[in-house]
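A look at the structure
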Amino acid sequence: MKPGVVMFAWLPEQASTVAGEVDRLFLWMLAFCVLILVLTVALVVGFCVKYRSSKKRDSEEELLEGAKQRRLEYLWIVAATVVFLGFFGWSANLYFRMFKPYEDPLRIYVVGKQWMWKAQHETGRGEINELHVPVGTPVELVMSSQDVIHSFFVPAFRLKHDVLPGRYTRIHFTATKEGSYELFCAELCGTEHSEMIGRIVVLSEEGYEAWQGRSGGAGRFAEKGRQLYENLGCAGCHEPGRLVPAPPLDEVYGRSVALASGARVEADRQYLRDAILAPNQEVVAGFEAVMPSYREQLENEDIDALVAYLVEKGAAHE
Ligand code: CUA
């Protein structure tokens, strides 16, 4: 089946690279389960008729003889196991492919909050309850929540992933068709959960450029992070030669960091986020636990911007 073919009217449109395969897997599983259902019901009804009380029952010997014939039973167990392990292998493989990060994606920060979706492009352009992406381009969403658990659900992309407070989750997709697609919150998150609806607008490459046109160039979002970094006075401790020594942040992203506890952690986005919100949880070896938490002072988008800036700072040294 070619992607893009609408197989059943009740399935949503297919508009991402994985949509066709997700549907195939779903339909094969459905077909197999229907087969089992029909077989089971047929046998139940058949035996009810055959062994109804008015008829002669099998003798004791006949029953014993039947119990010895295990071949059918083995066949049934082995066949069912093989088929279901097959489905497991297929779906696990598909899952890994869906969640494997792209090499060099278009990265967009998404924030869920009661009750809206906010998106921040690396150009600095922000949007609410809308997300514009170019067709045929690998996109990565770096998602977090400002309050409770939400779930980012785009039926046409066959894509759904939880958005959590205090933690980044990431999803990847490549849209295959221009158009406008529904975006839902798929996790009960309060009184207006059902209103937490948006749309994904897939544009042609040129259309996307034009849409971005009015905003600044790439790196503007990180620039916002740099301004925050200065306004908050981060440099007061984190630049070399300061009175209160703090770990330099120039080359931290992507490196392995030794902690005071003796453990080592990889400085990824999550690490940077944690270091801003709960700095004394993982203190870097050789430094004091003196940094205050910025939880109360920063909006979720600000944290994303700071993280984007630190990532850029780190990447510049590679
Ligand atoms: Cu957010 Cu439901």
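Scroll up to find the structure this text is about.
These numbers were taken from a predicted model, which means no experiment stands behind them.

This part is about the pattern of salt bridges. Under the definition given, this model contains 7 salt bridges. Across the pair Glu-21 and Arg-97 runs a salt bridge, and its minimum N-O distance is 2.8 Å. Of this pair, Glu-21 sits in helix H1 (residues 19–50) while Arg-97 sits in helix H3 (residues 71–99), placing them 76 residues apart in sequence. The partner of Glu-130 in a salt bridge is Arg-199, with the nearest N and O atoms 2.6 Å apart. You can see Glu-130 sitting in strand E4 (residues 130–134) and its partner Arg-199 sitting in strand E10 (residues 198–203), a full 69 residues away along the chain.

For the rest of this paragraph, the subject is a nonpolar patch on the surface. A cluster of nonpolar side chains, Leu-39, Leu-43, Phe-47, Tyr-51, Trp-76 and Ile-77, forms an exposed patch at the surface whose accessible area comes to about 620 Å². Elements with a contribution of two residues or more to the nonpolar patch: H1 and H3. Examining the composition of the nonpolar patch, we find that 3 residues originate from one element, H1, more than from any other. Relative to the assigned elements, Tyr-51 resides in the loop between H1 and helix H2 (60–68).

Quick look at unusual backbone geometry now. A cis geometry characterises the amide bond from Gln-114 onward to Trp-115, with omega recorded as -5°. The residue Trp-115 is located in the loop between strand E1 (106–113) and strand E2 (116–121) in this model. Look at Asn-129: it is not a glycine, yet its phi comes out positive at around 55°. By the element assignment, Asn-129 lies in the loop between strand E3 (126–128) and E4. Given the relative accessible area of 22%, Asn-129 is considered partly exposed. Within the chain, Arg-158 stands out as a residue other than glycine whose phi angle is a positive 55°. Checked against the element boundaries, Arg-158 lands in the loop between strand E6 (150–154) and strand E7 (159–163).

Attention now moves to the environment of Phe-184. Residue position: Phe-184 is located in strand E9 (residues 179–185). The contact partners of Phe-184, leaving out residues within four places of it in the chain, are Trp-117, Ser-151, Phe-152, Phe-153, Pro-155, Met-196 and Ile-197.

Remark: H1 packs on H3, axes separated minimally by 11 Å, with the N-to-C direction vectors making an angle of 165°. In terms of orientation, H1 lies roughly antiparallel with respect to H3. Pair H1 / H3 crosses with left-handed handedness. On the side of H1, the interface is formed by Glu-21, Val-22, Arg-24, Leu-25, Trp-28, Met-29, Phe-32 and Ile-36, while H3 contributes Trp-76, Val-83, Phe-84, Phe-87, Trp-90, Ser-91, Leu-94, Arg-97 and Met-98. Partitioned by chemical class, the residues of the contact of H1 with H3 number 13 nonpolar, 1 polar and 3 charged.

It is worth spelling out the sheet that holds E6 at this point. Spatial strand order, E4-E10-E9-E6-E7: 5 strands in an open sheet with mixed pairing. In the strand order of this sheet, the two ends are held by E4 and E7, each with one partner. Neighbouring strand axes in the sheet, compared pairwise and without regard to direction, differ in orientation by 20° on average. Relative to E10, E9 is paired through 5 bridges, and the arrangement is antiparallel. Paired with Leu-183 across the strands is Gly-198, a residue of E10. In the packing of helix H4 (residues 205–213) onto the sheet, the strands contacted are E4 and E10, and the crossing angle to E4 comes to about 130°.

In spatial order, the strands read E3-E2-E1-E5-E8; together these 5 strands make up an open sheet with mixed pairing. Where the open sheet ends on each side, the last strands, each with one partner, are E3 and strand E8 (169–174). Going from strand to strand, the sheet's axes swing by 25° on average, the running direction of each strand aside. As defined by bridge partners, strand E5 (residues 138–145) adjoins E8 across 6 bridges and the pair is classed as antiparallel. In the sheet register, Glu-140 faces E8, and the bridge partner there is His-172.

What follows is about the pairing of E5. Of all the 8 residues making up E5, 7 are buried; the element is thus mostly covered by neighbouring parts of the structure. As paired elements, E1 and E5 share 7 bridges and run parallel to each other. Bridge pairing in E5 places Arg-107 opposite Glu-140.

A few words on the environment of Val-202. Mapping Val-202 onto the fold places it in strand E10. When its relative accessible area of 3% is taken as the criterion, Val-202 is described as buried. Between the C-alpha atom of Val-202 and that of Lys-177, which follows or precedes it by 25 residues, the distance is 7.0 Å. When neighbours within four sequence positions are excluded, Val-202 is seen to be in contact with Val-133, Pro-134, Val-135, Phe-157, Ala-175, Lys-177, Glu-178, Gly-179 and Tyr-181.

Along the polypeptide, Arg-269 turns up in helix H7 (residues 269–277). Of note is the side chain of Arg-269, whose polar atom sits 3.3 Å from the side chain of Tyr-253. In this structure Arg-269 touches Arg-107, Tyr-109, Val-142, Tyr-168, Arg-170, Tyr-253, Val-307 and Val-311, once residues within four positions along its chain are discounted.

Calculation criteria
- Residues numbered from 1 in each chain as written.
- Predicted model: local features only at pLDDT ≥ 70, side-chain atom pairs only at ≥ 80, totals over all residues.
- Heavy atoms only, no water.
- Salt bridge = Lys/Arg side-chain N within 4 Å of Asp/Glu carboxyl O.
- Helix = DSSP H or I, 4+ residues; strand = E, 2+ residues; numbered from the N terminus.
- Patch = residues over 30% accessible without salt bridge, like charges linked within 9 Å, V, L, I, M, F, W, Y side chains within 5 Å.
- Areas by Shrake-Rupley, 256 points an atom, 1.4 Å probe, with all protein chains shown as cover.
- Buried < 20%, exposed > 50% of the residue type's maximum accessible area, 1.4 Å probe, protein only.
- Contact = heavy atoms within 4.5 Å.
- Axes fitted to C-alpha atoms, helices over the stretch in contact; angles between N-to-C directions.
- Parallel < 35°, antiparallel > 145°, perpendicular 65-115°, else oblique.
- Left-handed = near helix turned anticlockwise from the far one by under 90°.
- Nonpolar A, V, L, I, M, F, W, Y, C, P; charged D, E, K, R; others polar.
- Pairing = 2+ DSSP bridges.
- Polar contact = N/O pair within 3.5 Å; in protein donor to acceptor, adjacent residues only side chain to side chain.

The quantities given are spatial measurements derived from coordinates; they are silent on function.
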